[in-house]
Amino acid sequence: MTPPAGSSPGESPTAIEIADAVRHKRRPAVEFTQDALDHIREIAPLNAFLDDFGERALDQAHAIDTRIASGEADRLPLAGVPIAVKDNICLEWGRTTAGSRFLEDYESPFTATCVRRLLDAGAVVVGKTNLDEFGMGSSGENSAFGATTSPHGSERVPGGSSSGSAVAVASGAVPIALGTDTGGSIRQPAAFCGCVGLKPSYGRVSRYGLIAFGSSLDQAGPITRDVADATIALRLMAGEDPRDMTSSARAVPEAVPVESCRGVRVGIPRSARSAHNHPSVNDALSRAADALENDGAEIVEIDLPHQEHAIAAYYVVAPAEASSNLSRYDGVRYGRRAEGATLEAMYVRSRTEGFGPEVRRRIMLGTQVLSGGYERAMYMKALKARRLIKRDFDRAMAEDGSGCSLVLTPTTPGPAFRIGEKAGDAMAMYLQDIYTVSVNLAGLPAVSIPAGSAEDGGDELPVGVQLVGPTFGEERLLGHAQRMETLLAPD
Ligand code: GLN
C-alpha cells in the first residue's frame, strides 16, 4: 500500500494522482478523505475552514469505493478526490454563510451546479472554506468568522476573497478547492499562497448556486497545486446549465500541454512593469518572459490604453451590482432578523447587525452610483470604460494574425502583505486588484501561476504571474500555462 499523504504540500498527492490510485484500487477513497480531514484539523489555527464534513465525507468516500469495486471507475474521473468549497457556494447540506453574520444559519436547499458536477465525477467534499464577507476583500480579513492567516508566515494575509480555499490547497489539505472570482478572488490568494488559480471566461461555468456578488463579473473556478489539476477540474465544472442563462453552450476545452512555445506571441502590457510593483514582482515577470522566450515564444510589448481606468470602473460596477444583489437580505426572506418597532426599523437593524463594515461600504457606494443624478456621471461612465477595456484586450489578442496569442502580467503588485497593514485604507486594498479586475470586466479567462518567491521582512513569500487568454480561449491558455509552469518550476 502507498504511504499516507504527507502533511506538506510538496508531499501531498495531486487530484490526478489520487483519482488514479482510487480508480486502480491502490488506495481507497476513504483513506484519502481521512487524510484530508486530519489535515483540516492540523491547520485549524489558520482558520481556513468554517466547517468540515467528517462522517458525511467518509460516507461519500465509502460510496465511491463501493462504485469502484463494482466496476464504475470509467465514470469517475475524480474518484475519491477530496475537495474544499468556498462558503459562498451552496451545498444542500451544512450551512452556506458567505462569511457573513447575515447568513450564519442559512441552509441552502440545493447544491451549486459546479459542485454537483464534481460530485458526479467522484469528488468528495470535505469542508467549506472561509472568505471575505460576500467575496468582498483582498486579504481574508473581512470574514465575520475571523481572519484566515497564511501558511507562509503567521503575520501575513493569505489574500482574498477565496482565502480559505487557497490555504486549504497551499497547506496540502486538499488538491482542489473551489473559489469565486469577481475581481481577482481566485487568482490573488492563489498567488499569495503559491498555488495555481484559474478564473474561467464569463459564462464558462454555471453561476447557479453561487451567492451573487457582481453578477456580470462572478465566475467560480479551481485553486490547485498545478495546472493539470486546474484543467481537469475546469473541464468537469464547465458547460451549459439550464439554470443559468448566461452559461455558454460552447464546447468544453480538452486542454493538452503544448510541447514548446515556438511561434506563440505573448504580449506584456507596458503598464505591467511598474515602479509601484515590489521588485520581486518585476523580477518574476522578467523570469517568466525569459523562460517563454527561450522556449521559442515571441515577446512583444502591448498597449492596453484604458487599463488605467480598470480599478475605478470595477469599483463602480461591482458595488452597483452588489447593492442590487444584496437587497434581498432584508431580514424577511433570508437569514438574520433583528427586532424593530416598525417594518423600516426591522430592515435597518437587521442589515446593520448582519453586514460587516466593508459590505456596508460597498452597498452605500453602489446605491450612490445608481441613484438619480449620479447614474449618468458614474455608472454609465464605468460601463463605457468597461467596454473600452474589453476592446483593448480584443485588439491585443486579435485573431487576424496581428494580435498576440496570450497576455502576461503580474497577478498582484506585491507579495502577501501583513495582517492589518491595509485594513484601514480601502484605497490601498483596492489597488491590490490592479492586474486582476480588468480581466473580469472583459470576461476573459486567466490563470495565476507561481513564479518564484520574494524575501520580505524575513519571510520567504510566493509570487505569481498571470496569463490571460482570449474569450473562451481556455484551451490555448491552459495548454501554454502548463508549459510555462514546467519552465518556471524550481529545479
Ligand atoms: N478584491 C476584489 C473585491 O474586493 C475582488 C473580490 C472578488 O473577486 N470576489 O471586490
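Reading the values: the criteria
- Residues numbered from 1 in each chain as written.
- Predicted model: local features only at pLDDT ≥ 70, side-chain atom pairs only at ≥ 80, totals over all residues.
- Heavy atoms only, no water.
- Helix = DSSP H or I, 4+ residues; strand = E, 2+ residues; numbered from the N terminus.
- Rg over C-alpha atoms; globule rule 2.2 N^0.38 Å.
- Buried < 20%, exposed > 50% of the residue type's maximum accessible area, 1.4 Å probe, protein only.
- Contact = heavy atoms within 4.5 Å.
- Areas by Shrake-Rupley, 256 points an atom, 1.4 Å probe, with all protein chains shown as cover.
- Lys, Arg positive; Asp, Glu negative; His and termini not counted.
- Charge placed at Lys NZ, Arg CZ, Asp CG, Glu CD.
- Expected span 1.5 Å × (residues − 1).
- Pairing = 2+ DSSP bridges.
- Core = buried A, V, L, I, M, F, W, Y, C linked by side-chain atoms within 4.5 Å.
- Near = heavy atom within 4 Å.
- Polar contact = N/O pair within 3.5 Å; in protein donor to acceptor, adjacent residues only side chain to side chain.
- Patch = residues over 30% accessible without salt bridge, like charges linked within 9 Å, V, L, I, M, F, W, Y side chains within 5 Å.
- Salt bridge = Lys/Arg side-chain N within 4 Å of Asp/Glu carboxyl O.
- Disulfide = S-S within 2.5 Å.
- Axes fitted to C-alpha atoms, helices over the stretch in contact; angles between N-to-C directions.

Asks: Give a detailed account of the overall build of the chain, specifying residues and quantitative values.
Replies: Helix and strand content of the chain: 15 helices and 11 strands. Radius of gyration (C-alpha) of the chain: 21 Å, near the 23 Å computed for a compact globule of 491 residues. The principal-axis extents of the C-alpha atoms in the chain amount to approximately 65 × 55 × 50 Å. Here the chain holds 491 residues, and the buried ones make up 61% of them. If you take every contact in the chain between residues at least 6 apart in sequence, the share linking residues at least 24 apart comes to 75%. Total accessible area computed for the chain in this model is approximately 18,800 Å², and 51% of it derives from carbon and sulfur atoms. Taking the 49 positively charged and 63 negatively charged side chains of the chain as two groups, their mean positions are separated by 6 Å.

Asks: Before we move on, can you summarise unusual backbone geometry with the specific residues and values?
Replies: With an omega dihedral of 10°, the bond running from Gly 160 to Ser 161 counts as a cis peptide bond. Note that Ser 161 resides in the loop between strand S3 (124-129) and helix H5 (163-170). Phi at Ala 98 is positive, roughly 55°, even though this residue is not glycine. Among the structural elements, Ala 98 can be located in the loop between strand S2 (82-86) and helix H4 (113-120).

Asks: Describe helix H12 (residues 374-396), naming the residues involved and giving the relevant values.
Replies: The end-to-end C-alpha distance of H12, which contains 23 residues, comes to 32 Å, matching closely the 33 Å that a straight helix rising 1.5 Å per residue would cover. Among all positions of H12, only Tyr 379, Ala 382, Ala 385, Arg 386, Ile 389, Asp 392, Phe 393 and Ala 396 are buried. Against strand S8 (298-302), helix H9 (310-325), helix H11 (357-370), helix H14 (437-442) and strand S11 (459-468) lie the buried residues of H12.

Asks: Help me get a handle on the pairing of S3, residues and values and all.
Replies: Judged by how many residues are buried, S3 sits mostly within the fold: 6 of 6 residues are covered. Judged from the 3 bridges that link them, strand S1 (residues 49-52) and S3 form a sheet pairing that is antiparallel. Bridged to Asp 52 within S3 is Gly 127. In this structure, S2 lies alongside S3, joined through 5 bridges in parallel fashion. By the bridge assignment, Pro 82 is partnered in S3 with Val 124.

Asks: So, the nonpolar core: which residues are in play, and what are the values?
Replies: Judged by nonpolar contacts, the single largest core of 97 residues is most densely connected at Leu 78, Cys 114, Val 115, Val 125, Leu 178 and Leu 408. Ignoring anything within four residues of it in the chain, the contact list for Leu 78 reads Ala 19, Leu 118, Ala 121, Gly 122, Ala 123, Ile 176, Ile 232 and Leu 236. Counting 51 residues, the second-largest nonpolar core is a separate cluster that includes Ala 318, Ile 389, Leu 441 and Val 468.

Asks: With reference to specific residues and values, describe the site of the ligand.
Replies: Near the ligand there are 15 residues, and of these Thr 182, Gly 183, Ser 185, Tyr 314 and Arg 362 occur at the shortest range. A distance of 3.5 Å separates a nitrogen atom of the ligand from a polar side-chain atom of Ser 161. Interatomic distance of 3.2 Å between a backbone N/O atom of Gly 184 and an oxygen atom of the ligand. Notes on the ligand: free accessible area 290 Å², of which the protein chains cover 99%.

Asks: Which residues make up a nonpolar patch on the surface, and what values do they have?
Replies: Taken together, the side chains of Val 332, Leu 343, Tyr 347 and Val 348 present a nonpolar region at the surface, about 340 Å² in accessible area. With respect to the helices, strands and loops of the structure, Val 332 is situated in the loop between H9 and helix H10 (343-354). Taking relative accessible area as the criterion, Val 332 reaches 43% and is therefore assigned partly exposed.

Asks: Quick rundown of the state of the cysteines? Include the residues and the values.
Replies: Throughout the structure, instances matching the rule amount to 0 disulfides. Lacking any disulfide linkage, Cys 90 is separated from the closest cysteine sulfur, that of Cys 114, by 9.8 Å.

Asks: Help me get a handle on the pattern of salt bridges, residues and values and all.
Replies: Using the criterion set out here, one finds 29 salt bridges in the structure. The partner of Glu 353 in a salt bridge is Arg 336, and the shortest N-O contact between them spans 3.7 Å. Placement of Glu 353 in helix H10 and of Arg 336 in the loop between H9 and H10 is noted, with a sequence separation of 17 residues between them. Since its relative accessible area comes to 35%, Glu 353 is described here as partly exposed. Residue Glu 353 is joined to Arg 349 by a salt bridge in which the shortest nitrogen-to-oxygen separation is 3.1 Å. Of this pair, Glu 353 and Arg 349 both sit in helix H10, separated by 4 residues, roughly a single helical turn.

Asks: Go over the sheet that holds S1 with me, naming the residues and quoting the values.
Replies: Spatially, S1-S3-S2-S4-S6-S5-S10-S11-S9-S7-S8 is the arrangement adopted by the 11 strands of the open sheet, whose pairing is mixed. Since the sheet does not close on itself, it has two edges, and those belong to S1 and S8, each with one partner. Between one strand and the next, the sheet's axes are offset by a mean angle of 30°, whatever the strand orientation. Here strand S5 (residues 196-199) pairs with strand S10 (residues 446-456) via 3 bridges, running antiparallel. The residue of S10 that forms the bridge with Gly 197 is Ser 448. Here helix H7 (residues 227-237) sits on the sheet in contact with strand S4 (176-181), S5, strand S6 (219-224) and S10, set at roughly 150° to S6.

Asks: Describe helix H15 (residues 474-488), with residues and values.
Replies: With 15 residues, H15 extends 20 Å between its outermost C-alpha atoms, agreeing within 8% with the 21 Å of an ideal straight helix rising 1.5 Å per residue. The element H15 is largely enclosed, with a buried count of 11 among its 15 residues. Contacts from the buried residues of H15 go to S5, H7, helix H8 (279-294), strand S9 (406-410), S10 and S11.

Everything listed is a geometric property; what it means functionally is a separate question.
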